[in-house]
Amino acid sequence: MNTLWEFLSMQDANVRFVTIGSVLLAASSAVVGCFTVLRKRALVGDAVAHAVLPGVCLAFILTGEKNPVVLLVGSFLTGWLSLVVIDLITSKSRIKEDTAIGLVLSVFFGIGVLLLTSIQHSGNENQSGLDKFLFGSAAALVGQDLYTFGAVAVLLLVSVVLLYKEFKLLSFDIAYARTIGLPVRKLELLLTTLTVLAVVVGIQSVGVVLMSAMLITPAAAARFWTDRLGAMIVIAAVMSAVCGAAGAFVSFTAPAMPTGPWIVMLLSMLAIFSFILAPNKGLLARYLSQRRVRRQMMRENILKTLFHLGEPTGEYQHSYSKNQILERRQLPVLKMQSALKTLSRQGLTQKSKQGWALTEAGKKEAQRVVRLHRLWELYLTQYLQVASDHVHEDAESIEHVLTPELEKRLEELLDYPTADPHQTKIPQSS
Amino acid sequence: MSGYQLPDTTNQMIQHVNDPVLEVHDLTVSYQRKPVLWDVDLTLPSQALIGIIGPNGAGKSTLIKAIMGLLPLNSGYVQLFGQSMDEVRQRVSYVPQRESVDWDFPASALDVAMMGTYGKLGLFSRPGAKQKAQALEALEKVGMQDFANRQISQLSGGQQQRVFLARALAQNADLYLMDEPFAGVDIATETAIIELLRQMREDGKTVVVVHHDLQSAQDYFDWVLLLNMRLVASGPTSETLTPELLEKTYGGRLTELSNVSELLQKKNFPIRETKPVKK
């Protein structure tokens, strides 16, 4: 608890650097990442992240020091080069983009690891800490890094704010963007540059291996919570910033811990959480809505069965035992019992000693379902020329989904029919 | 036996107009180095509903993409209102095929309609109340005002098509090029769209539509282009939609032309020895 308080008070200058740095990096890569994901360039982001490593190593070999600006320039150059190579391979050869991305990612990363290993064996005293680029260490951020990276983060955010509508159109419909005269090529170039920049500054705290998760995961998670681009970007940035701060906290309490994997783990947990629990789009919401539909179908089927039982005599509100219902229509017994209880609660059925009967309201509801069933059967035979012995199964499921508007349209289309294809009466709406 | 007769080289089937709204001159376009449209010459009248008709793979979409400057030309040039595309972008509006975008994009119908105003706005500036009003007006014209705030993936195919039309309308252009606006829409939507296009013609606009239904083409269009890798005919609908010309358009590919196209692609020959001159 004390540690948390110490961390939150931010009295230690080092803690300030690390936290502000991580938050800025995480948020800005999430913002750019939204466009990467929407433009379906997620894998390219991964390739760039890996291609940054040889740049870092080359910059160090050439200058012999760990100046953040120099390392940044080096990584930017190889990151860019990897994109150019992917483009070249895709446009000039028969190799498809996914293969090109895979090739470039592994070749650049391989060269990076080779260079890193040779630096580590070179005996240069400055080299300690370069391996942090593999998995990242927010704890290694110092004041000087912060200024450089802070400037880059601000540049990223300002560009996205200023060119929001252009980037939006570019991501949605690039052909149309070109036809209205947007400088599509330049905008793409800028967006790509921003992505490379986000990657380059992000690797300090997350490392090249996991950097693409910083671009992709917040965007993917945020998409579950909203249908608006602006909101999606803000949600992604906030989620990412929180995880960035949490990662910095881990760095603070346990400096030996690699920060990158921690941030990515937290982000992934948020993404899984969104995937399951988000309203409407989440797994749980979808499951619940499916269950609701199944239960409603069960209830409507029971009402219909009671109606069918009464049809020969015309006494629709007669009571029937469970067995009589089950004889007429096979239903899972337990689910039927619980559905009958719900129906009683809704005032659609009534329980007596002899069993269950439709109430007046229940009869109306049952009539509606039966009418929809028979209307659909008629529609299928008349407009789709389906044989009349094939239409029942169709109508069994369609009867539950037809809306009042469609019902009206069907009635008009079929000229207010009174009998279905089996010459059974179609109950009229009251 | 009579000797070989040179065919008449002036193509009577391709009629030209004065002061055309659109002029395509000697246009050859290829996809992945394979020519799909050969040497197209055409002029189109203004204030008309014009249909581009031909079988699958005839190059109908390619033609309007090339006109819009979305594809590199192997030869020829395109002029709109007597000028190059770059000079008149704001007066020309493009409606792509509905399937060309991912409708799961996080945007509302209004957002998409608003994109039609981006061209005049210019870089950096944000759409404001005026642009929103234009977009809403466009949505109303296509009967989508009640769906303005609906996420676009929740719209039906016909509704998505109407949103695309609204985006073009919000651009308030003079010439509209539409790629299969009737594809996959129900009858009610098709009727609503053709009514809208007729209204646009009354307002003095020119609308060019890629279309694949011959039956309705007769009824819809004032002027028709028949296309199958080359321009077969171009002229007023009544003179152009004739059994002979349709037979020429739909009666299979010109085998030699297809073979040459494939040869160019396979053997890496250039499609033209010189680059097209800008006009």
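Cut-offs applied
- Residues numbered from 1 in each chain as written.
- Chains lettered and ligands numbered in written order.
- Predicted model: local features only at pLDDT ≥ 70, side-chain atom pairs only at ≥ 80, totals over all residues.
- Helix = DSSP H or I, 4+ residues; strand = E, 2+ residues; numbered from the N terminus.
- Rg over C-alpha atoms; globule rule 2.2 N^0.38 Å.
- Buried ≥ 20, exposed ≤ 12 C-beta atoms within 10 Å, placed from the backbone.
- Contact = placed C-beta atoms within 7 Å.
- Core = buried A, V, L, I, M, F, W, Y, C linked by C-beta atoms within 7 Å.
- Domains from an automatic or database assignment.
- Pairing = 2+ DSSP bridges.
- Axes fitted to C-alpha atoms, helices over the stretch in contact; angles between N-to-C directions.
- UniProt positions renumbered as here; feature names shortened; annotations may be inferred.
- Parallel < 35°, antiparallel > 145°, perpendicular 65-115°, else oblique.
- Nonpolar A, V, L, I, M, F, W, Y, C, P; charged D, E, K, R; others polar.
- Left-handed = near helix turned anticlockwise from the far one by under 90°.
- pLDDT = per-residue confidence, 0-100.

Some thoughts on the overall build of chain B
Counting secondary structure elements, chain B contains 11 helices and nine strands. Relative to the globule expectation of 19 Å for 279 residues, the C-alpha radius of gyration of chain B, 20 Å, shows essentially globular dimensions. Taking the principal axes of its C-alpha atoms as reference, chain B extends roughly 75 × 40 × 35 Å. Buried positions account for 40% of the 279 residues belonging to chain B. Within chain B, counting contacts between residues at least 6 apart in sequence, those at least 24 apart form 73% of the total.

Points about the overall build of chain A
For chain A, the count of helices and strands is 19 helices and two strands. Computed over its C-alpha atoms, the radius of gyration of chain A comes to 32 Å, more than 25% above the 22 Å expected for a compact globule of 430 residues. By principal-axis analysis of the C-alpha atoms, chain A measures approximately 100 × 60 × 35 Å. Looking at chain A residue by residue over its 430 residues, the buried ones come to 44%.

Points about the nonpolar core
In terms of nonpolar packing, the biggest core is built from 171 residues, with A:Cys34, A:Val52, A:Ala236, B:Ala113, B:Ala166 and B:Val208 touching the most fellow members. When sequence neighbours within four positions are dropped, the list of residues in contact with A:Val52 reads A:Ser75, A:Thr78, A:Gly79, A:Val199, A:Val200, A:Ile203 and A:Val208. A:Val369, A:Leu372, A:Trp376 and A:Tyr379 belong to the second-largest nonpolar core, a separate cluster that totals 27 residues.

Some details on the domain arrangement of chain A
One can read the domain layout of chain A as domain 1 (20-281), domain 2 (285-358) and domain 3 (367-413). The distance between the C-alpha centroids of domain 1 of chain A and domain 2 of chain A comes to 58 Å.

Some details on the sheet that holds strand β9 (residues 231-236) of chain B
All names here are of chain B. Ordered in space as β5-β6-β7-β3-β8-β9, the six strands form an open sheet in which the pairing is mixed. Edge positions in the sheet fall to β5 (92-95) and β9, since each has one partner strand and no second. Each neighbouring strand pair of the sheet contributes to a mean axis angle of 15°, computed without reference to strand direction. Looking at chain direction, strand β6 (residues 175-178) and strand β7 (residues 206-211) are connected through four bridges and run parallel. If you follow Tyr176 over to β7, its bridge partner there is Val207.

Here's the deal with the UniProt feature "domain: Iron dependent repressor metal binding and dimerisation" (unreviewed entry) in chain A
Residues annotated in UniProt with the feature "domain: Iron dependent repressor metal binding and dimerisation" (unreviewed entry) correspond here to residues 359-428 of chain A. Taken end to end, residues 359-428 of chain A comprises 60% helix and 0% strand; its first and last C-alpha atoms sit 18 Å apart.

Quick word on the UniProt feature "transmembrane region" (unreviewed entry) in chain A
Residues and elements named next belong to chain A. Here, the residues flagged by UniProt with the feature "transmembrane region" (unreviewed entry) are residues 15-38, 43-63, 69-89, 101-119, 146-164, 233-256 and 262-288. Regarding residues 101-119, the helix share stands at 100% and the strand share at 0%, and the terminal C-alpha atoms are separated by 27 Å. Taken as a whole, residues 233-256 contains 88% helix and 0% strand, while its terminal C-alpha atoms sit 32 Å from one another.

Some points on the packing of helix α14 (residues 283-310) of chain A against helix α16 (residues 333-345) of chain A
When two helices pack together, their arrangement is given by the angle between their axes and by how far apart the axes lie. Residue and element names in this part refer to chain A. For the pair α14 and α16, interaxial distance at closest approach is 9 Å and the crossing angle is 80°. Looking at the two axes, α14 sits roughly perpendicular to α16. Side by side, α14 and α16 meet where Arg295, Met298, Arg299 and Ile302 of the first sit next to Lys335, Met336, Ala339, Leu340, Thr342 and Leu343 of the second. Tallied by class, residues from the contact of α14 with α16 come to six nonpolar, one polar and three charged.

Looking at the packing of helix α3 (residues 42-63) of chain A against helix α11 (residues 211-223) of chain A
Residues and elements named next belong to chain A. Contact pair α3 / α11: the axes reach a minimum separation of 8 Å and the direction vectors enclose 155°. What the angle tells us is that α3 and α11 run roughly antiparallel. The chirality of how α3 crosses α11 is right-handed. Of α11, the residues touching α3 (which contributes Ala42, Gly45, Asp46 and Ala49) are Met211, Ser212, Leu215 and Ile216. Across the contact of α3 with α11, the residue classes break down as five nonpolar, two polar and one charged.

Some remarks on the interface of chain B and chain A
Between chain B and chain A, the residue contacts involve 19 residues of the former and 20 residues of the latter. Split into classes, the residues belonging to the side of chain B that touches chain A amount to 13 nonpolar, four polar and two charged.

Thoughts on the confidence of the model for chain A
With 98% of its residues at a pLDDT of 70 or more, chain A shows a mean pLDDT of 88. Taken element by element, the predicted model of chain A shows its lowest mean pLDDT in helix α1 (residues 2-9) of chain A (73) and its highest in helix α8 (residues 164-172) of chain A (96).

Quick word on unusual backbone geometry
Residues and elements named next belong to chain B. Despite not being glycine, Gln47 shows a phi value in the positive range, around 50°. In this fold, Gln47 is placed in the loop between β2 (34-44) and β3 (49-53). Not every positive phi belongs to a glycine, and Phe124 is a case in point at roughly 70°. Within the fold, Phe124 resides in the loop between α4 (118-121) and α5 (129-141). Since 11 C-beta atoms lie within 10 Å of it, Phe124 is described here as exposed.

Concerning the pairing of β3(B)
Residues and elements named next belong to chain B. β3 sits mainly inside the fold: five of its five residues count as buried. Side chains Leu49, Gly51 and Ile53 of β3 all project onto a buried face; the interleaved residues Ile50 and Ile52 project onto the opposite face, where all are buried too. Judged from the five bridges that link them, β3 and β7 form a sheet pairing that is parallel. Looking across to β7, one finds that Ile52 is bridged to Val210. Where β3 meets strand β8 (residues 223-227), four bridges bridge the pair, whose relative direction is parallel. For Ile50, the partnering residue across the bridge sits in β8 and is Trp223.

Quick look at the sheet that holds strand β1 (residues 22-31) of chain B
Residue and element names in this part refer to chain B. Strand order in this open sheet of three strands is β2-β1-β4, and the pairing throughout is antiparallel. The open sheet is flanked by β2 and β4 (73-80), the only strands paired with a single partner. Each strand axis lies, on average, 20° off the axis of its neighbour in the sheet, ignoring direction. Sheet topology places β1 next to β4; six bridges connect them, and they run antiparallel. If you follow Val24 over to β4, its bridge partner there is Val78. Lying over the sheet, helix α1 (residues 60-67) contacts β1, β2 and β4, oriented at roughly 115° with respect to β1.

Focus: the pairing of β5(B)
All names here are of chain B. Residues of β5 alternate between two faces, with Val92 and Tyr94 on one and Ser93 and Val95 on the opposite face, all of them buried. Pairing of β5 with β6 involves four bridges; the strand directions are parallel. Across the sheet, Val95 pairs through a bridge with Met178, a residue of β6.

So, the environment of A:Ser321
All names here are of chain A. Tracing the backbone through its elements, the reader meets Ser321 in the loop between α14 and α15 (322-328). On the neighbour-count criterion, Ser321 (12 C-beta atoms within 10 Å) is exposed. Measuring from C-alpha to C-alpha, the distance between Ser321 and Gly355 comes to 4.2 Å, with 34 residues separating the pair along the chain. Setting aside residues up to four positions removed in sequence, Ser321 forms contacts with Gln354 and Gly355.

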